[in-house]
Amino acid sequence: MGARPRRRRAPAASSAAAAAAVVAAAPGPLGALLAAALLAAAGAQQSATVATPVSGASPDLLPRFLLEPEDVYIVKNKPVSLACQATPATQIYFKCNGEWVHQGDHVTQHSTDRSTGLPVMEVRIEITRQQVEKIFGLEEYWCQCVAWSSSGTTKSQKAFVRIAYLRKNFEQEPTAREVSIEQGIVLPCRPPEGIPPAEVEWLRNEELVDPALDANVYVTPEHSLVLRQARLADTANYTCVAKNIVARRRSASAAITVYVNGGWSTWTQWSGCSTSCGRGWQKRSRTCTNPTPLNGGAFCEGQNVQKSACTTLCPVDGAWSEWSKWSVCGTECTHWRSRECSEPAPRNGGQECHGAELETRNCTSELCSPAAQGAEDVALYVGLIAVAVCLVLLLLVGVLVYCRKKGGLDADVADSSILTAGFQPVSIKPSKADNPSLLTIQPDLSTATMTYQGSLCPRQDGPAKLQLPNGHLLSPLGAGRHTLHHSSPTAEGADFVARLSTQSYFRSLPRGNTNMAYGTFNFLGGRLMIPNTGISLLIPPDAIPRGKIYEVYLTLHKHEEVRLPLAGCQTLLSPIVSCGPPGVLLTRPAILAMGHCVEASAENWSLRLKKQSCEGTWEDVLQLGTEPCTELYYCQLEAQACYIFTEQLGRFALVGESLSMAASKRLKLVLFAPAACPSLEYNIRVYCLSDTQDALKEVIQLEKQMGGQLIGAPRVLHFKDSYHNLRLSIHDMPSSLWKSKLLASYQEIPFYHIWSGLQPYLHCTFTLERLSPSTCELACKIWIWQVEGDGQSFTINFNIAKDTRFSDWLVPDSEVGSPALVGPSAFKIPFLIRQKIISSLDTPCARGADWRTLAQKLNLDSHLSFYASKPSPTAMILNLWEARHFPNGNLSQLAAAVAEVGKQDGALFAVSEAEC
């Protein structure tokens, strides 16, 4: 193709043929004129579509271009094609740079316009790189079409053919910079020369920078990247990328470091004077934490401690003066003398004088006797004491008679100390020999099973029916012996003890698991706790039917043991906990308490309680934030824990589905390192855990086995559902002592690994190497942040050989309490006082002085309908209080809340010593 000439002078044969056709169509002078015009038009050069009509011809029949050639680029050695289409046209030829293209290089197609019936002609030619390079540097290569018809000629627009290229070197590349936070940043970029001109885009850590998604970023017409205000998240490597149809070029990466200069916090209060007597000093301090310097930012200038002189007056202890002279002997045969604490008197906090200020003694060697009326005074005092004793005895008899009538109890007496011991798994106490009818059973003071019939009308302020005595309403039972009456016959007591000792029908449970608690319970109820996890199960009194004994267990499952399917944006927000055995009959809801890691808000989360069925599938049994659709389940969600009411034991988990990118869950960030470092390498492990006690406990146990120690106080990070990963980096290590083996500038934990909540012990390890075995001091900073989200930084400065300042965070296993509590020992509120509160507040009151007001005082009134669906709403409220506040609950605060319910009927809470 290159050997055959593509351009020639105006083709004579074609022009003559066209002229002959015109003469044949219009003979005579008109035909001659048309032929002359046609030949003249063949030599004309126009840059745009130009019509040259023949004199006297209709302008409507001039050729009209339906398709004109357009500018094209030759990429590498690939030829390009130019096309044009016109109607009505008898001939179409291309002219390139003023020369006609050979007729044989044209590819012609003929057709007819269906709407007008006029002929349509389309012509194409190909242009090669060699054709363009022949005139390179002289002028640009261009081509245009010339179309003929019987009415004249028309020229198309010029189409320029250019060779595309892109140079390798940038004219200006971005450079690395360190800038202060909130300072503006301009990264220049002038792309390489190219045809067509290159388009420019920016990469931040190999991710495309889109100004439409970040209002803090924009790109200037000169291709410079501008950050309006630098943020910590803007610390990254930036690359300018230029591209066109030929190639794609990358500039050298520019590392941008956004640093934060430190600022002083406010001064603390002055300390006390260093001496208690005389001249001393006092001090105050401040820290460089407002803000903490980051990324090499300047440390605060000035002193962090100020001292000031102070003077304290010295204390002077008091001393006695001399005794005065003895007084005259009195009628009672005594005389006295005195002294004063005045030599010196105590001042400035000095001690008072020790000893007697007045001294009395017999002045007649006991030879005289007092006056005779002394015997009469003694008789009077004895009479008054006898009368007082009689009144007290009558009062006690009246109280005992009233208590017997009130409780309807008989005269069998049992020691209250056996109420709890009788229901332990072992060591069952037998009946006393002198009274075989004594039983280890609490009296049944609960109300009969029913459905609450009160209305949920709004509470009204005004006097109520409850009155508390001046004494401690909810004081724990004393250590002394108290009486408890029961009307059970001797045979029933013996049968109960026999059934208690026969436990062959209990389900066999594994023993010795640190993530499990178990115990044997009856109608008195109790509590199971898994130490250091925040997980517990409260079995209220009368939840287990009388005459039944259950061996109940509570288990914390590891994530790899249980498969919990999650879909979409769902995430596990709590531990997976089992309580059982499943299928046991409970007459009142038990309360399962466990931690969670959700920052709950109705607009960001849809929270569901899931329970595993007998077939192994997980089902939604409750959607939080809505009215319970069933009376079997209810969940009280608080800041860091949830309390689940359930009458059916089983396996539970709290699952959330995010409704917006603002939804966040709490992560606990924990740093561990080896307690001993025999080699030059030193590993720092950064754990990113769900913010629940059980997750932290598991990591602490794992690190104890690995010989690790905590090197920083744990911190909380709010991780959002923004699909951005979590990044970790280490900075500011003294290069003369340590070096990092991390090849990249940071490590990443993928978003979905964290968000699912199903992968425990997520962590990254920073491997450091000390340059000398004698190096023991380590100082560095570790940053942990979510891209476009929250972040935390740890400042590490400690001795790797002997620093144990954070060992107090690791709770020894020996400090945990008993995992199982049975009977009254499992509850803060004494049983009889609990029963009086229930019987007094369950009855609806028109003035609102009932259980609804108590729920409001305790901030437990979010779902009153659930409490109202139970036989005793007050019992539900008190059970929830027990679950939330054990073992450190403040009974005084509960007593104050009960007291505020009403102050009219004080006799309701008058509890005698005999009743306790």
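Here is a short report on the structure shown in this document. (Residues numbered from 1 in each chain as written. Predicted model: local features only at pLDDT ≥ 70, side-chain atom pairs only at ≥ 80, totals over all residues. Heavy atoms only, no water.)

1. Points about helix H9 (residues 831–841)
An α-helical turn contains 3.6 residues, so a residue and the one three or four places further along point in the same direction. As a reminder, the rule being used: Residue burial is assigned from relative accessible area. The probe radius is 1.4 Å, only protein chains are included, and a residue is buried under 20% of its type maximum, exposed over 50%, and partly exposed in between. Comment: elements are numbered from the N terminus, with helices defined as DSSP H or I runs of at least four residues and strands as E runs of at least two. Residue contacts follow a heavy-atom distance rule, with two residues in contact if any of their heavy atoms lie within 4.5 Å.
Here H9 lies mainly inside the structure; 10 of its 11 residues are buried. Residues of H9 that are buried include every one of Phe831, Leu832, Ile833, Arg834, Gln835, Lys836, Ile837, Ile838, Ser840 and Leu841, and no others. On its buried face, H9 is in contact with helix H10 (851–857), helix H12 (873–885) and helix H13 (891–901).

2. As for the sheet that holds strand S30 (residues 535–539)
Strand pairing in a sheet relies on backbone hydrogen bonds. The paired strands run either parallel or antiparallel. Note the following rule: Should DSSP find at least two bridges between two strands, the strands are taken to pair. Axis definition: a line fitted to C-alpha atoms, limited for helices to the stretch in contact. Angles are taken between N-to-C directions and run from 0 to 180 degrees.
The strand order across the open sheet formed by 6 strands is S37-S38-S34-S30-S29-S50, and the pairing between neighbours is antiparallel. A strand with exactly one partner marks an edge of an open sheet, and here the two such strands are strand S37 (633–637) and strand S50 (820–822). For this sheet, the mean inter-axis angle between neighbouring strands, taken without regard to orientation, is 15°. Bridge count between S30 and strand S34 (residues 590–595): 3 bridges; the pairing is antiparallel. Paired with Leu537 across the two strands is Leu592, which belongs to S34. Against the sheet, H12 touches strand S29 (526–530), S30, S34, S37 and strand S38 (641–646), its axis set at about 140° to S38.

3. Quick word on H12
What counts here: To estimate how far a helix should extend, the number of its residues minus one is multiplied by 1.5 Å.
Taking 1.5 Å per residue, 13 residues should reach 18 Å; H12 reaches 19 Å between its end C-alpha atoms and fits that length. Of all 13 residues in H12, 11 are buried, a share of seventy percent or more. Three or more residues of H12 are buried, namely Pro873, Thr874, Ala875, Met876, Ile877, Leu878, Asn879, Leu880, Trp881, Glu882 and Ala883.

4. A closer look at the packing of aromatic side chains
Selection criterion: Each Phe, Tyr or Trp ring, with Trp reduced to its six-membered ring, pairs with another whose centre is within 6.5 Å; inter-plane angles below 30 degrees give stacked pairs, above 60 give edge-to-face pairs, and intermediate values give tilted ones. Our definition puts a charge over a ring when NZ of Lys or CZ of Arg is within 6 Å of the ring centre and also within 35 degrees of the ring normal.
By the definition in use, this model includes 18 aromatic pairs. Taken together, a centroid distance of 6.5 Å and an interplanar angle of 90° make the contact between Tyr93 and Trp100 edge-to-face. The exposure classification of Tyr93 matches that of Trp100, with both residues buried. Geometrically, the ring pair formed by Phe672 and Tyr687 is edge-to-face, given 5.9 Å between the ring centres and 90° between the ring planes. Here Tyr687 lies in strand S41 (residues 681–690) and Phe672 lies in strand S40 (residues 664–674), a separation of 15 residues in the sequence. Neither Phe672 nor Tyr687 differs from the other in exposure class; each is buried. Each member of the aromatic cluster is reached from another via a ring pair, and the members are Trp605, Phe719, Tyr723, Phe751, Tyr752 and Trp755. Sitting over the ring of Trp264, Arg286 keeps its end group 4.1 Å from the ring centre.

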